[in-house]
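A look at the structure
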Amino acid sequence: MKKIYVATSTMAAVMSLGIITQGVLSNFFGIHSLEKILSVINFALWGSFSFSILMAFLSKKFREIHYSNPINRFGIGTWVAGTSICAILIAKQFSDWALIAKMISYLNFGLWFIYVLICIQAFFELNTKQLNKNVHGILLLTTVSTQSLVLVISAVYKKVPNAVDHFLLTLGVCFYLISAFIIMKRYLSNSSSWSVEKDWNNTNCILHGALSITGLACIRSQAVNEQVIIVLWVCAATIFVLVESIEVYRMYKRMKSYGLKKAILIYDLSQWSRVFTFGMFFTFTYMLAPGISALSAIQKIIITIGIWAVPCLLILEVCLCANHFLQVNRNYSKQYQKNSELNA
């Protein structure tokens, strides 16, 4: 059997499917049979990717694939967030398996602790190895992974001291401030040396996605007052508009330079971050209960548009992903056939 070693951030696909299953479809449509089917698919993906990561470790390829590049190490945060969403789906969709959800969450807490230590070391290495000019939104997975634990706690456990939620929420915000500062410093300090079509990364959408999951964690944990949550939503919405405006301009520049197909109709692993962040912003907006009429009107518009846009975005990404792997498999088969003919 051909060994397939997945890229470090591949679990972003699990995060994306999970938030759309539990955050979008469950909240709005409530089609329980579809939710369970998507949950099972998500478990299968999580299991497959986890096995590949374990296989890389046993084959002594773990350092080469997942650890050697300090920036790439931050992608391990998708393992934490992906495992968190799986535990939440088990707790919500398969309540009889509550014990399994708790067992997975225990392992996830340990993984998160190791991940935080790795990231702290990586933050220092970014300076010593002069990698600051290459940083992007992947750094914000430190916030996403940390706040995902708050969501797990609220879904899996009944009684947890508020101090635990406050600690994780505060730590996640600190990670956000540090990561956002490093990212913005890259783009602002070297504004003349980078181009939006080549150097702006898909993962930069996590700038608003990390705030959205922070706000959702505040709502779920009930550890923060409503005024703070509204401020978080306003910040997330503002950054959403700014970042996605850059994305629209980037799309225009790429289409002008590369054409429609090569500009937007190609698959890239980092595109899953957009599916996740859009789904998270929709979920945060849906769960928000603002007392200001102006916000209520904006909230309704976002929900009305987002309930169709987010699933369509997921479907498009799945199609691009499927086409990509069909092409890879086709090329592999041609190469295998060619080698067989040469050996014959």
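Described below are features of the structure shown in this document. Only a predicted model underlies this, so the values are computations on that prediction, with no experimental measurement involved.

Here we look at the overall build of the protein chain
When its secondary structure is counted, the protein chain shows 14 helices and 0 strands. The order of α-helices and β-strands along the protein chain, N terminus first, is α-α-α-α-α-α-α-α-α-α-α-α-α-α. Over its C-alpha atoms the protein chain spans a radius of gyration of 20 Å, differing by no more than 12% from the 20 Å that the globule rule assigns to 344 residues. C-alpha extents for the protein chain along the principal axes are approximately 75 × 55 × 45 Å. Pairs at least 24 apart in sequence give 83% of the contacts found in the protein chain among residues at least 6 apart. With an accessible surface of roughly 17700 Å², the protein chain has 67% of that area assigned to carbon and sulfur atoms. Side chains of the protein chain give 28 positive and 13 negative charges; the mean places of these two sets differ by 5 Å.

Side note on the packing of aromatic side chains
With the rule as written, the count across this model stands at 14 aromatic pairs. With a centroid separation of 6.3 Å and 15 degrees between ring planes, the pair formed by tryptophan 233 and phenylalanine 281 is classed as stacked. Linking tryptophan 233 in helix H11 (residues 226-258) with phenylalanine 281 in helix H13 (residues 272-287), this pair joins segments that are 48 residues apart in sequence. Of the two residues, tryptophan 233 and phenylalanine 281, neither departs from the other in class, the shared state being buried. For lysine 36, the ring lying beneath its charged end belongs to phenylalanine 94, and the centroid distance is 4.6 Å. Above the plane of the ring of tyrosine 67 lies arginine 73, whose end atom (NZ or CZ) is 4.1 Å from the centre.

Some points on the side chain of threonine 83
Topologically, threonine 83 is positioned in helix H5 (residues 77-93). Within the structure, threonine 83 has its side chain in polar contact with the side chain of tryptophan 46 (distance 3.0 Å). Not counting the four nearest positions on each side in its chain, threonine 83 is found in contact with Trp46, Ile104 and Asn108.

Structural notes on the nonpolar core
Of all hydrophobic cores here, the largest spans 100 residues; its most connected members are Phe74 and Val144. Residues in contact with phenylalanine 74, not counting those within four places in the same chain, are Tyr115, Cys119, Ala122, Phe123, Leu126, Ile138, Leu139, Leu141 and Thr142.

Observations concerning helix H7 (residues 141-156)
Its 16 residues place the ends of H7 22 Å apart at the C-alpha level, agreeing with the 22 Å of an ideal helix rising 1.5 Å per residue. For H7, the buried fraction is high: 14 of the 16 residues fall into the buried class.

What about unusual backbone geometry?
Across residues other than glycine, the phi torsion is negative in most instances, and most of the peptide bonds are trans. The phi angle at lysine 60 is positive, at roughly 60 degrees, despite the residue not being glycine. Residue placement: lysine 60 occurs in the loop between helix H2 (32-58) and helix H3 (62-67). In the Ramachandran plot, glutamine 222 falls in the positive-phi region, its phi being about 55 degrees despite a non-glycine side chain. What makes glutamine 222 exposed here is its relative accessible area of 69%.

Notes on H11
In this model H11 runs 46 Å from its N-terminal to its C-terminal C-alpha over 33 residues, within 8% of the 48 Å that 1.5 Å per residue would give. Residues of H11 that are buried include every one of Ile229, Ile230, Leu232, Trp233, Ala236, Ala237, Phe240, Val243, Glu244, Glu247, Arg250 and Arg254, and no others. One side-chain oxygen at the N-terminal end of H11 lies 3.2 Å from the backbone nitrogen of glutamine 227; it belongs to asparagine 225. Backbone geometry just after H11 places glycine 259 at a positive phi near 90 degrees.

Criteria and cut-off values
Residues numbered from 1 in each chain as written. Predicted model: local features only at pLDDT ≥ 70, side-chain atom pairs only at ≥ 80, totals over all residues. Heavy atoms only, no water. Helix = DSSP H or I, 4+ residues; strand = E, 2+ residues; numbered from the N terminus. Rg over C-alpha atoms; globule rule 2.2 N^0.38 Å. Contact = heavy atoms within 4.5 Å. Areas by Shrake-Rupley, 256 points an atom, 1.4 Å probe, with all protein chains shown as cover. Lys, Arg positive; Asp, Glu negative; His and termini not counted. Charge placed at Lys NZ, Arg CZ, Asp CG, Glu CD. Phe/Tyr/Trp six-rings, centres within 6.5 Å; stacked < 30°, edge-to-face > 60°. Buried < 20%, exposed > 50% of the residue type's maximum accessible area, 1.4 Å probe, protein only. Lys NZ or Arg CZ within 6 Å of the ring centre and 35° of its normal. Polar contact = N/O pair within 3.5 Å; in protein donor to acceptor, adjacent residues only side chain to side chain. Core = buried A, V, L, I, M, F, W, Y, C linked by side-chain atoms within 4.5 Å. Expected span 1.5 Å × (residues − 1).

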